[in-house]
Amino acid sequence: MNDVVRSAKPLGSPTQDPATGRKAERSRIPLVALAGLVVLCALVTVSVANGEIPLPPVEAVKGLFGAGEPGTVLVVQEFRAPRMVAAIVAGAGLAVGGALLQRLFRNPLASPDVMGVTGGASFGAVAMLAAGASQVMMPLAALGGGLLAAVLLGVFGWRSGTSVTRLVLVGLAVQAGLSAAVSFMVVSFPTELAGSALQWTTGSVYGRTWTEVWSAGGAVVVGLVLAFVLHRRLAVLDLGDDSAGTLGLNTHTARLQILVIAIVLASLAAALTGPVAFVALAVPHMVRFLAGPPTAGTLALSALAGAVLLLASDLVAQYLLPVSGLPVGVVTATLGAPWLLVLMIRQSSSVNRSVR
Amino acid sequence: MTANQLSTHGLDLRYGDRLIVGGLDLVLPGGAVTAVVGPNACGKSTLLRGLTRLLAPAAGTVALDGADIHRMPARALALRMGLLPQQPVTPDAITVEALVRLGRYPHQRLLSPWSAADQQAVEEALRRTGTEELRHQPVDQLSGGQRQRAWIALALAQDTDLLLLDEPTTFLDLRHQLDVLDLVAALHSEAGRTVVMVLHDLGQAARYADHLVVLKDGQLAAAGAPADVLDAELVKSVFDVDCRVIPDPETGTPLVVPKGRAKRHTAVSA
């Protein structure tokens, strides 16, 4: 009963015409989506055209679709495209996972990278790597790790009436603990494995193969579809348990379904990229800022924006930074740290809402 | 003949170890407006949660037209019974129309698109509650009375024969209290809805309800037509307030007038 929003606000300011305000907001979603798609296409072109052998953009895009010189097709399709697709799919998965968790917990800090899910996914993947499992097992291992983190969070952080702030703090501890375990395992690895294990400490899309992209990426796409199918339930859950219950929604089941989808999305995205920070945390806020309050449309925008952000960050890491070979996770973490600070400060100054 | 009749048999409702409502046998007549009254913490809101299945009974049953509501599928119950909670949670920046559309949830299948019937129910709900002009406004920027009407519109879009309202007039000024109660009365008289509402004001309950349920300490203190049950003795025993009950000069329904207690008041009334 604490999550009351019956705030005694006065009438909307008379200077603002609410009808036109709404219209402007409504028309922003297609506009932002169009802009996002244009940027994404541009980034895809840059991504396939650049590399050890720079290609003319038109040739590279042709090669992406299997047309043009066989050599170009090989380079683009086998070496450049997997990395690009991995960044797009993982970015979308992380962003939608974050958007779902933030709505479910009604807290802007509730995101899979803050609450330990991506750390858990890395932990699972590295543990499997240490056990000598093949690459094909990685998505399953990451998924198991992500669920493990969620269980840890539940055991240590969940009591009925617990404030979400406490949950977030426990999540930070889970994330830190699991990252430490990952680092420990990576340094104790034999040298030939250490290179491939490095992506699990900061997150990277270097050297992705089609096998990985198809297995984890395909599952992420399925998760994204499920998220949209269940969006109506999420909207009803927003009304609080009493109203949702009397509308015929089984709130416990619905919450669990959406929670599991969010964890699956974030874990499988992490199976592709490692624990890339910031995307899941920040994208829902950016979309909210650009396109207004959450709807099914803004959820789709979150997927698009996540893909753009991760692909752009990877290109920055590859070509714009003076140090070569930096993983994309470094770029997103550099952006993410100040963002997290700002959120923390804003969060502590506003009224804390709790969740039952 | 007894359509939309809620009844309880030996109903116990608990929060943890605490017994809130004990051994309640109650019949809420279908096709009528019932008001549930009683002192603070007497179990009014808890009873409403029990009647809507938000709280499972510790013992006893709740039946709708004879069928145990706890054995009905959630969606089937949601097609027959809607609830306006006491303090509903307004989603972030949601508009009135988007809020009201959520009332159609029990009518929709997982992948079914928004239908003409859905839109018609939403339009009807907006029209009845006078919130058509507010449809594009964010609910959290409305005044208390407007917001309450938007929430009632959601319950109307659900299109149920039975409507339960938990203190719909709390936090509203007098005029908006009367607006909401008139709306409820119209829903009953024009749209034939069965209404059960928790109210604080005994005079308003007597004016607007056909049937009065008076609770004290989770027990039934009295039930019946307001003119039959509401008297000075009942108010004394339930609320511990000395009063006179006189006919409302406007409507003739019982009106509770507390006896003066402070000195300046006794001087006048004597």
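Residues numbered from 1 in each chain as written. Chains lettered and ligands numbered in written order. Predicted model: local features only at pLDDT ≥ 70, side-chain atom pairs only at ≥ 80, totals over all residues.

A few points about the overall build of chain B
Inference 1: Tallying secondary structure elements over chain B gives ten helices and twelve strands in all.
Inference 2: Compactness check: chain B gives a C-alpha radius of gyration of 19 Å against a globular reference of 18 Å for 270 residues, within 12% of the reference.
Inference 3: When its C-alpha atoms are laid out on the principal axes, chain B stretches across 65 × 45 × 35 Å.
Inference 4: Across the 270 residues in chain B, those meeting the buried criterion constitute 44%.
Inference 5: Across chain B, contacts joining residues at least 24 apart in sequence account for 64% of those joining residues at least 6 apart. (Helix = DSSP H or I, 4+ residues; strand = E, 2+ residues; numbered from the N terminus. Rg over C-alpha atoms; globule rule 2.2 N^0.38 Å. Buried ≥ 20, exposed ≤ 12 C-beta atoms within 10 Å, placed from the backbone. Contact = placed C-beta atoms within 7 Å.)

Section: the packing of helix H4 (residues 116-129) of chain B against helix H5 (residues 144-157) of chain B
All names here are of chain B.
Inference 1: Interhelical geometry of H4 versus H5 gives an angle of 145 degrees and a closest axis separation of 8 Å. Both H4 and H5 take part in a crossing whose hand is right-handed. Counted together, Ala 121, Val 122, Ala 125, Leu 126, Arg 128 and Thr 129 of H4 and Arg 149, Ile 152, Ala 153, Leu 156 and Ala 157 of H5 form the full contact between these two elements.
Inference 2: Grouping the constituent residues of the contact of H4 with H5 by class yields eight nonpolar, one polar and two charged. (Axes fitted to C-alpha atoms, helices over the stretch in contact; angles between N-to-C directions. Left-handed = near helix turned anticlockwise from the far one by under 90°. Nonpolar A, V, L, I, M, F, W, Y, C, P; charged D, E, K, R; others polar.)

A short note on the sheet that holds strand E9 (residues 211-216) of chain B
Residue and element names in this part refer to chain B.
Inference 1: Spatially, six strands are ordered E6-E7-E8-E3-E9-E10 in an open sheet, and the strand pairing comes out mixed. Looking at the sheet topology across the chains shown, the edges are occupied by strand E6 (81-84) and strand E10 (219-224). The sheet shows a mean angle of 15 degrees between the axes of neighbouring strands, taken without regard to direction.
Inference 2: Pairing analysis gives four bridges linking E6 to strand E7 (residues 162-166), with the strands arranged parallel. Bridged to Gly 82 within E7 is Leu 163.
Inference 3: Sitting on the sheet, H5 is in contact with E6 and E7, with an inclination near 170 degrees to E6. (Pairing = 2+ DSSP bridges.)

Regarding the environment of Asp12(B)
Residue and element names in this part refer to chain B.
Inference 1: Turning to its location among the elements, Asp 12 is positioned in strand E1 (residues 6-15).
Inference 2: Expressed as a C-alpha distance, the spacing of Asp 12 and Gly 23, which sit eleven residues apart in the sequence, is 5.4 Å.
Inference 3: Discounting chain neighbours no more than four positions away, the residues touching Asp 12 are Leu 19, Val 21, Gly 22, Gly 23, Pro 57, Ala 58, Ala 59 and Gly 60.

Some words on the nonpolar core
What tends to happen in soluble globular proteins is that the nonpolar side chains get buried as a cluster.
Inference 1: Core analysis: the biggest nonpolar cluster contains 176 residues, and Ala95(A), Val96(A), Leu265(A), Leu268(A), Val279(A), Val100(B) and Ala150(B) have the highest contact counts within it.
Inference 2: Apart from residues no more than four positions distant in its own chain, Ala150(B) is found in contact with Val96(B), Leu99(B), Val100(B), Thr131(B), Leu134(B), Val139(B) and Leu142(B). (Core = buried A, V, L, I, M, F, W, Y, C linked by C-beta atoms within 7 Å.)

Structural notes on helix H14 (residues 296-320) of chain A
Inference 1: Under the 1.5 Å per step criterion, the end-to-end length of H14(A) is 35 Å for 25 residues, consistent within 8% with the ideal 36 Å.
Inference 2: Of all 25 residues that make up H14(A), 19 are buried, and the element is covered over most of its length. (Expected span 1.5 Å × (residues − 1).)

Considering the sheet that holds strand E2 (residues 18-28) of chain B
All names here are of chain B.
Inference 1: Sheet architecture is open: four strands sit in the order E2-E1-E4-E5, paired in antiparallel fashion. Unpaired on one side and paired on the other, E2 and strand E5 (67-68) mark the two borders of the sheet.
Inference 2: Of the strand pairs in this sheet, E1 and E2 are connected by seven bridges, and their pairing is antiparallel. The residue of E2 that forms the bridge with Tyr 15 is Arg 18.
Inference 3: On the sheet, helix H1 (residues 44-51) packs against E1, E2 and strand E4 (59-64) and is oriented at approximately 115 degrees with respect to E1.

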